[in-house]
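Notes for the structure review
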Amino acid sequence: ETMAMAMAMMLIGCTAVFINSARHMHRSITESIRLRFENLNLVQSLSSAKEQTEASNRALQGEIIERKRAEGRISASLQEKEVLLKEIHHRVKNNLQVISSLLNLQSRSIAHPETLTAFKDSQNRVRSMALIHEKLYQSGDLARIDFAAYIRELANYLFRVYQSDATAIKLRVNVRDIFL
């Protein structure tokens, strides 16, 4: 009977060990399955975030390409306008020079002093317009024109034109720096 009792005790002990091992195994398997599902959810979330990021990157790359194209069009337009402005300046300058030259040629054949004075005045007006045009063209910033420099240059030009050798008049221009 002691032997049967010992065997029963061993059987109970082994059963208890097996049950305890089965419980630990069950917990481990359950935890492993739970972690597996959490990992799947994380992988899906990361995959979704990666797809959204890639879509955003593609959209941004498209915007960058479009902006570069727009900058290229703006740059080409600006260059075209600069060429056009230079051409207009050249034509205006030539036209003013032609008018001045025609007035000069015509004035050579005029004997009447009052008519000659009228022609010279017209020539000086054309030269004044040419000076304004030249100041506009030479200005780096068309929004700010150095008006004081223009006044000084115009006054010096007119003083030289109308100055007679007999007079000892000196020109003094007193003008503040003004930008228009």
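Just above sits the structure.
Residues numbered from 1 in each chain as written. Predicted model: local features only at pLDDT ≥ 70, side-chain atom pairs only at ≥ 80, totals over all residues. Heavy atoms only, no water.

**Concerning the environment of Arg58**
Under the convention used in this document: The way it works is that DSSP assigns letters per residue, a run of H or I at least four long becomes a helix, a run of E at least two long becomes a strand, and they are numbered from the N terminus. Type-normalised accessible area, obtained with a 1.4 Å probe on protein chains alone, sets the label of each residue: buried when under 20%, exposed when over 50%, and partly exposed for intermediate values.
One can find Arg58 in helix 1 (residues 2-108). Its relative accessible area of 52% is what places Arg58 among the exposed residues. Distance from Arg58 to Pro113, taken between C-alpha atoms, is 80 Å for residues 55 residues apart in sequence.

**Some remarks on the packing of aromatic side chains**
Any two aromatic rings considered together are summarised by their centre-to-centre distance and by the angle between their planes. Test applied: Between rings of Phe, Tyr and Trp, where Trp is taken as its six-membered ring, a pair exists when centres lie within 6.5 Å; planes separated by under 30 degrees are stacked, by over 60 edge-to-face, and by other angles tilted.
Tallied over the entire structure, the rule returns one aromatic pair. Ring centres 5.9 Å apart and planes at 35° place the aromatic pair Phe147 and Tyr150 in the tilted group. Of this pair, Phe147 and Tyr150 both sit in helix 3 (residues 147-162), three residues apart, roughly one helical turn. For Phe147, a relative accessible area of 31% translates into the label partly exposed. On the basis of relative accessible area, Tyr150 is assigned to the buried category, the value being 9%.

**Looking at the packing of helix 1 against helix 2 (residues 113-138)**
Stated precisely, the cut-off is as follows: Axis angles are defined between N-to-C directions and span 0 to 180 degrees, where every axis is a line fitted to C-alpha atoms and, for a helix, only to the segment in contact. Working definition: roughly parallel below 35 degrees, roughly antiparallel above 145 degrees, roughly perpendicular at 65 to 115 degrees, and oblique for all remaining angles. The hand of a helix crossing depends on one turn: near helix anticlockwise from the far one by less than a right angle means left-handed, and clockwise means right-handed. Working rule for contacts: check all heavy atoms of both residues, and any pair within 4.5 Å makes them a contact. Ten residues, namely Ala, Val, Leu, Ile, Met, Phe, Trp, Tyr, Cys and Pro, are considered nonpolar, four, namely Asp, Glu, Lys and Arg, are considered charged, and the remaining ones, Gly among them, are considered polar.
Where helix 1 meets helix 2, the axes come as close as 9 Å, and the angle between the chain directions of the two elements is 165°. In terms of their interaxial angle, helix 1 and helix 2 are classed as roughly antiparallel. For the pair helix 1 and helix 2, the sense of crossing is left-handed. Two secondary-structure elements touch here, helix 1 through Lys86, His89, Val92, Lys93, Leu96, Ile99, Ser100, Leu103, Asn104, Gln106 and Ser107 and helix 2 through Leu116, Phe119, Lys120, Ser122, Gln123, Val126, Met129, Ala130, His133, Glu134 and Tyr137. When grouped by side-chain class, the residues that make up the contact of helix 1 with helix 2 number 10 nonpolar, eight polar and four charged.

**Quick word on helix 1**
Along an α-helix, residues three or four apart share an orientation, since each turn contains 3.6 residues. Here is the rule: By definition here, a helix of n residues has an expected span of 1.5 Å times n minus one.
Compared with an ideal rise of 1.5 Å per residue, which puts 107 residues at 159 Å, helix 1 spans 155 Å between its outermost C-alpha atoms and is within 8% of the ideal. The set of residues buried in helix 1 consists of His89, Leu96, Ser100, Leu103 and Ser107. Next to the buried residues of helix 1 lie helix 2.

**Observations concerning the pattern of salt bridges**
Stated formally: Salt bridges, as used here, are contacts in which a Lys or Arg side-chain nitrogen is within 4 Å of a carboxyl oxygen on Asp or Glu.
By the definition in use, this model includes six salt bridges. Here Arg73 and Glu66 are joined by a salt bridge, their closest N and O atoms 3.4 Å apart. The partner of Arg91 in a salt bridge is Glu87, with the nearest N and O atoms 2.6 Å apart. Placement of the pair is Arg91 and Glu87 together in helix 1, with a separation of four residues, close to one helical turn. On the basis of relative accessible area, Glu87 is assigned to the partly exposed category, the value being 34%. Connected through shared salt-bridge partners, Glu31, Arg34 and Glu38 make up one network.

Honestly, that's just the spatial picture; any functional story needs more than this.
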